[in-house]
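# Analysis of the macromolecular model
Listed below, chain by chain, are the residues.
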Amino acid sequence: MATLRLNVNGEQRTLDGVDDATPLLWVLRDELGLVGTKFGCGISQCGACTVLIDGNPVRSCSFPAASVAGEITTIEGLAGPNGELNPVQQAWVDLDVAQCGYCQAGQIMAAEALLRSNANPTDADVDQAMAGNICRCGTYIRIRKAVKTAAANRGA
Amino acid sequence: MVALNYQGIQDIFDAVNNQRWAGAGGFQIAKVGRRDFMKITGLVGGGLMLSFTLPRASAKSGPLQPNGYVRIDETGILIYAKNPEIGQGVKTSLPMMVAEELDAAWDDVQVVQAPVDQATYGAQFAGGSMSTPMNWLPLRKAGATARAMLVGAAAQRLEVPVDALFTRDSHVVHKDTGRKLAYTDLAAAAAAMPVPEADSVALKEPRYFRLLGKRITGVDNDAIVRGEPLFGIDQTLPGMKIATYQKCHAIGGKVKSANLDEIKQMPGVHDAFVLAGNGNAMELLPGVAIVADNTWATIRAKRALRVEWDESEAATDSWSGASASAERLRGESGQRVVDQGDVDAAFNAAAKRIDSSYTYNFVTHAQLEPMNCTAHYQDGAIEMWSPTQTPGFAIANVANVLGIDPAKVTVHQVRCGGGFGRRLYNDFMCEAAAIAQRAGVPVKLQWTREDDMCCDLFRAGGFHQLAGAVDGDGKVSAWRDHFVTFTNDGKRPVSGLSARVFPAELLANVRFEQTQLDWSTRCAAWRAPGSNVFGFVVQSFLHELAQAAERDHLEVLLEVLGEPRWLTQGNPQALHTGRAAGVVKLAAEKAGWGKEMPAGRALGLAFYFSHGGHIAEVADVSVDANKKVKVHKVTVAADVGPIVNLSGAENQIEGAVVDGLSTMLGLAVTFENGRAQQTNFDKYPMLRMPATPEVDVHFVASDYPPTGLGEPALPPLAPAVCNAIAAATGARIRTLPISEEGYTV
Ligand code: FES
Ligand code: FES
């Protein structure tokens, strides 16, 4: 139980007494109170727990917090300094993507990761990048559109 | 058989789903709803208001709050969302109904989740696609009532008659002078006005709607995309511990012993103890509770937990065993549940007879947020924050488990990460309540995905033996179905045919028979109960008969529907064959029915009526030589009455198509020795984005009372896709999921 040091959404966080094997998901949710990142399966199948580490999408349910070396971005870290939504979040609101909304933090983080590495994804790129995220409510059609809309607005 | 009481499971199902049909020939939801809800919630006396009766609370000063739905003061306009939000959009659409008649500008409205208070709100639940039809009139009247009081106050202030005024965008406007008074400025004066009788306030004619029918983004969307705490799993209380509860995966198993001392020594573990259960399959099953400082500590402790189960009365259910029994039984005769016309004579006179066996597997709900509940028990009372579809029922369940008065149970509604019927049942709340009572600290009970999939109340599998007769004119002349289903209690089937199942209301000669297999694992409602599988069976078989008659499927379907008429006179929630034909023709036209298609690709059609919704779907599907399926597009035509929120309505249809496709393609839960064999998503391959088709949605504008849309678009999907595959390849699929017949995507 060494001291855990994490950079989360641009802030340095230090935690003591956290079990070394604790997945990042539960450190975020239970220790840091960042509950936007969701628990769906715990075995890297659904993507509900997706966060970014140095811009890359990671399944936080299966990633020990103690192994994180880079900067973590969670859904709470996407909006601008004055609370303005980033283009992905804005597209999600404008297109009314969510049904229950439970998967959407993970979907948004996966979309954000895609657009950071590929500003102009094709339909096939979107399908492939988002294939790791389950939406039980079946909002894939809107997610597809929202990713394209966000890509267009980011470029604008 | 397992010695458990399964009664409550069926009662909830009946109360939620059968109200629509209650009463002879009338839409009497409120009346029958009241009786059923009282039976279950234990609410008695005059305290429970009917859904069509508006609560009255004439305040003499302070905010304008003429009922439970509207609260206006100088700071703004609040509208209360009465029912649980499970992704079906009612936290947005129900307040829209209030805002429309209130004439509030939507941007001025703040929506707040209502408390659970059935004395004020009538029945509060999410199920049966009932939120829209049950609330369409009462909520509009609630808004109109507040509006009338605001207009009255404005008339007094301006000293003009009320008919010199109109309302628009949260203001009362004087027609002649254009002078505007804001609702927020009028609220205090309006609060002193008498509350008009609900029946005396006029409602808008639909053509004057300014908000209903528009695309409105969900009221929680901003919070969702920011990751703000909204869901049950996000709740926290000061000093809260996290709990987990291990039950026997074969229902009926009891705890013989467990390594509790070892568990209690583990880091972060606060307590571990056995609960005996209360014998009610819908409330508290026996198990081991572990209470710890955080979720990870509970997960670790649960992995180390060793329980010896007494399985002498536990389930031994086996899917392969049930399949073998059904194979033997379905060729024999069963108990007749429908027998009309002269079925035998029609078969004797038939030009053609087709016999087919259909089978579908069990499935699980798989709502993405695993069950959880936050509970704080102190001084003989409990307060709970729960993602439940039936908060009203939950109060009675929890009170029963704790042995306290229902008045001592407070339930707060929180956003639900999906429902699909799972959250109709409050076993998880009973567990949280019992653990909180024992733990003496606030707890959040958090299930894992494995808990969810092993201890679900499953959508039952089933077996149908069909026979159809086609007469010399190529018409469908008789229909038989022997349904081999299951029973949990040795009495009632977990899913049953009835005179409302297609085509009993449409054909003269129909016989439905039923045989029940004993089954201990809990079976319950899953999105569009009954219809979600009957749709596949009957709309596939109708296509088989059309093919046997060498006739166009569309033509045969329209012929079976026949002349435009209500099938239950005077009940606008019943099947109307004219509305049915309307959506069938519209879907066919929009999809280009009859057009040339490339080899290996075809259109498939299906119609199904459920939950008051008339829905037809046409699937455009190609299949290659290796049985790899690609669904290109699904065209949907729906007649569900007026649309409340167009964006939400389209979203429900798109979602139902995806859910229907996901389920038919590859989802099954099998059982051996009473245990579900699929325990997480690695063995339960839900549809992902690459296999998602384009969905083209068309609504028929109709003036009938609206119905909900959470469910009715799902049943036609599987038969539409299977009919397309049959048309493309000649191969008839008679098993769900179709992966069992070797198909992949
Ligand atoms: S919770 Fe991490 S992938 Fe499902
Ligand atoms: S919106 Fe419900 S799981 Fe995606």
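Preceding block: the structure.
Let me begin by describing the structure that accompanies this report. Sequence order as written defines residue numbering, which begins from 1 separately in each chain. Chains carry letters from A onward and ligands carry numbers from 1 onward, assigned in written order. Residue-level local features of this predicted model are given only where pLDDT is at least 70; pairs of side-chain atoms are given and counted only at 80 or more, and the full residue set underlies all totals for whole chains, interfaces and linings. With hydrogens and water set aside, each side-chain value is computed from the structure's full complement of heavy atoms.

### Re the overall build of chain A
Rules: Only runs of H or I of at least four residues qualify as helices and only runs of E of at least two qualify as strands under DSSP, and these elements are numbered from the N terminus. The globule rule used for comparison is 2.2 Å times the number of residues to the exponent 0.38, while the radius of gyration itself is calculated over C-alpha atoms. For every residue, the accessible area obtained with a 1.4 Å probe (protein chains only) is divided by the maximum for its type, and the residue is called buried under 20%, exposed over 50%, and partly exposed between those limits. Here, two residues are considered to be in contact whenever any of their heavy atoms come within 4.5 Å of each other. Note on areas: Shrake-Rupley, 1.4 Å probe, and residue coverage restricted to the protein chains presented here. Positive charge is attributed to Lys and Arg, negative charge to Asp and Glu, and no charge count is given to His or to the chain ends. A single reference atom marks each charge: NZ on Lys, CZ on Arg, CG on Asp, CD on Glu.
Scanning chain A for helices and strands turns up 5 helices and 5 strands. Helices and strands appear in chain A in the N-to-C order β-β-α-β-β-β-α-α-α-α. The globule rule puts the C-alpha radius of gyration for 156 residues at 15 Å, and the 15 Å found for chain A is close to it. Considering only C-alpha atoms, chain A reaches an extent of 45 × 30 × 25 Å along its principal axes. The buried share of chain A, taken over its 156 residues, is 58%. If you take every contact in chain A between residues at least 6 apart in sequence, the share linking residues at least 24 apart comes to 55%. Accessible area of chain A: about 5700 Å², with a carbon and sulfur share of 46%. With 12 positive and 16 negative side-chain charges, chain A shows a spacing of 8 Å between the two charge centroids.

### Considerations on the pairing of strand 22 (residues 613-623) of chain B
Residues and elements named next belong to chain B. The condition that has to hold: A pair of strands is treated as paired once DSSP finds two or more bridges between them.
Buried residues dominate strand 22, accounting for 11 of its 11 residues. The turn linking strand 21 (residues 601-610) back onto strand 22 is made up of 2 residues, and H611 within it adopts a positive phi angle of 55 degrees. Here 10 bridges tie strand 22 to strand 23 (residues 629-639), and the two strands are oriented antiparallel to one another. Each residue of the ladder has a partner; that of H614, found in strand 23, is D639. The loop that links strand 22 with its antiparallel partner strand 23 comprises 5 residues; one of these, K627, has a positive phi angle of about 65 degrees.

### Some thoughts on the interface of chain B and chain A
As a reminder, the rule being used: Accessible area that two parts lose when put together, evaluated with a 1.4 Å probe and summed over both, is termed the buried area. Polar contacts here mean pairs of N or O atoms no more than 3.5 Å apart (in protein, one a potential hydrogen donor and the other a potential acceptor; neighbouring residues in sequence count only if both atoms are side-chain atoms). Gly falls in the polar group here, along with every residue not listed as nonpolar (Ala, Val, Leu, Ile, Met, Phe, Trp, Tyr, Cys, Pro) or charged (Asp, Glu, Lys, Arg).
Of the residues lining the interface, 57 residues belong to chain B; the matching set on chain A comes to 52 residues. If you sort the residues of chain B by the area they bury against chain A, W296, L368 and M689 of chain B come out on top, with a joint share of 18%. On inspection of chain B and its partner chain A, the count reaches 31 residue pairs in polar contact (both at pLDDT 80 or more). For the side of chain B that touches chain A, the elements supplying multiple residues, two or more each, are helix 7 (221-226), helix 9 (295-304), helix 14 (449-454) and helix 18 (646-666) of chain B. With 9 residues, the top contributor of residues to the side of chain B that touches chain A is helix 18 of chain B. For the side of chain B that touches chain A, the per-class residue count stands at 24 nonpolar, 20 polar and 13 charged.

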